[in-house]
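What the coordinates show
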Amino acid sequence: QVQLVESGGALVQPGGSLRLSCAGSGISFSSYSMSWYRQAPGKERDLVASIVNAGTRTIYADSVKGRFTISRDNAKNTVYLQMNSLKPEDTALYYCHAQHLLGRCEYWGQGTQVTVSS
C-alpha cells in the first residue's frame, strides 16, 4: 500500500519558518520526482516546488523563490520543504506529490495545514 504522509504544518507568525516533511512508503522512492503543491480556500491547487528523483534539479514557483527550499533524503524516503520568511499568502493546505520518472503513476498525500497569521 502506497502512502505519502505529510507533517510539520502549523500556525506561524509572518516572517517565521516551518519545515514540512513527507515520508513515502510502498514505493521505490528514488524512482519518483517529488513535489509540494498547495491549495488555499477557494483556489486551485498550485505547484510550489519540485525535485527530481536524484535530487540534482529543483524548480520553484515564482512566489516562493528565495524563501522556500525543497530537498530529499532517498535513504529515509523523505522529501522536505523548508519555508522561511513566511507570509499570510502562504496560508494553504500543502500536499506532497510523487510522480514516477517514467510517468507511469502518481500519488498524493492527504495534506498538512500551514497558517501564517499574527
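This structure is a prediction, so every number in the text was calculated from the model and none was measured.

**Some thoughts on the overall build of the protein**
Along the protein, the regular secondary structure elements total 0 helices and 11 strands. Going residue by residue from the N terminus, the α and β elements of the protein occur as β-β-β-β-β-β-β-β-β-β-β. Along the longest, intermediate and shortest principal axes, the C-alpha atoms of the protein span 40 × 25 × 25 Å. Looking at the protein as a whole, 40% of its 118 residues qualify as buried. Nonlocal contacts in the protein, meaning residues at least 24 apart in sequence, comprise 53% of its contacts between residues at least 6 apart. Of the roughly 6200 Å² that the protein leaves accessible, carbon and sulfur atoms contribute 45%. Taken as two groups, the 11 positive and 8 negative side-chain charges of the protein have centres that lie 5 Å from each other.

**As for the packing of aromatic side chains**
The final tally for this structure, using the stated rule, is 3 aromatic pairs. Relative to tyrosine 107, the ring of tyrosine 32 lies with its centre 6.2 Å away and its plane at 45°, an arrangement referred to as tilted. Taken together, the residues tyrosine 32 in strand E4 (residues 32-39) and tyrosine 107 in strand E10 (residues 106-108) connect sequence positions 75 residues apart. Overall, tyrosine 32 belongs to the buried group, its relative accessible area being 6%. Accessibility expressed as a relative area gives 26% for tyrosine 107, which makes it partly exposed.

**A look at the pattern of salt bridges**
Overall, the coordinates contain 3 salt bridges when judged by the stated rule. With its nearest N and O atoms 2.8 Å apart, the salt bridge here joins arginine 67 to aspartate 90. In this pair, arginine 67 is assigned in the loop between strand E6 (58-60) and strand E7 (68-73) and aspartate 90 in the loop between strand E8 (78-83) and strand E9 (92-100), connecting sequence segments 23 residues apart. Accessibility expressed as a relative area gives 1% for aspartate 90, which makes it buried.

**Structural notes on the side chain of serine 21**
Tracing the backbone through its elements, the reader meets serine 21 in strand E3 (residues 18-25). Judged by relative accessible area, serine 21 falls into the buried class, the value being 16%. What serine 21 contacts, discounting residues up to four positions off in sequence, is Val5, Glu6, Ser7, Trp36, Thr78, Val79 and Tyr80.

About the thresholds
- Residues numbered from 1 in each chain as written.
- Predicted model: local features only at pLDDT ≥ 70, side-chain atom pairs only at ≥ 80, totals over all residues.
- Heavy atoms only, no water.
- Helix = DSSP H or I, 4+ residues; strand = E, 2+ residues; numbered from the N terminus.
- Buried < 20%, exposed > 50% of the residue type's maximum accessible area, 1.4 Å probe, protein only.
- Contact = heavy atoms within 4.5 Å.
- Areas by Shrake-Rupley, 256 points an atom, 1.4 Å probe, with all protein chains shown as cover.
- Lys, Arg positive; Asp, Glu negative; His and termini not counted.
- Charge placed at Lys NZ, Arg CZ, Asp CG, Glu CD.
- Phe/Tyr/Trp six-rings, centres within 6.5 Å; stacked < 30°, edge-to-face > 60°.
- Salt bridge = Lys/Arg side-chain N within 4 Å of Asp/Glu carboxyl O.

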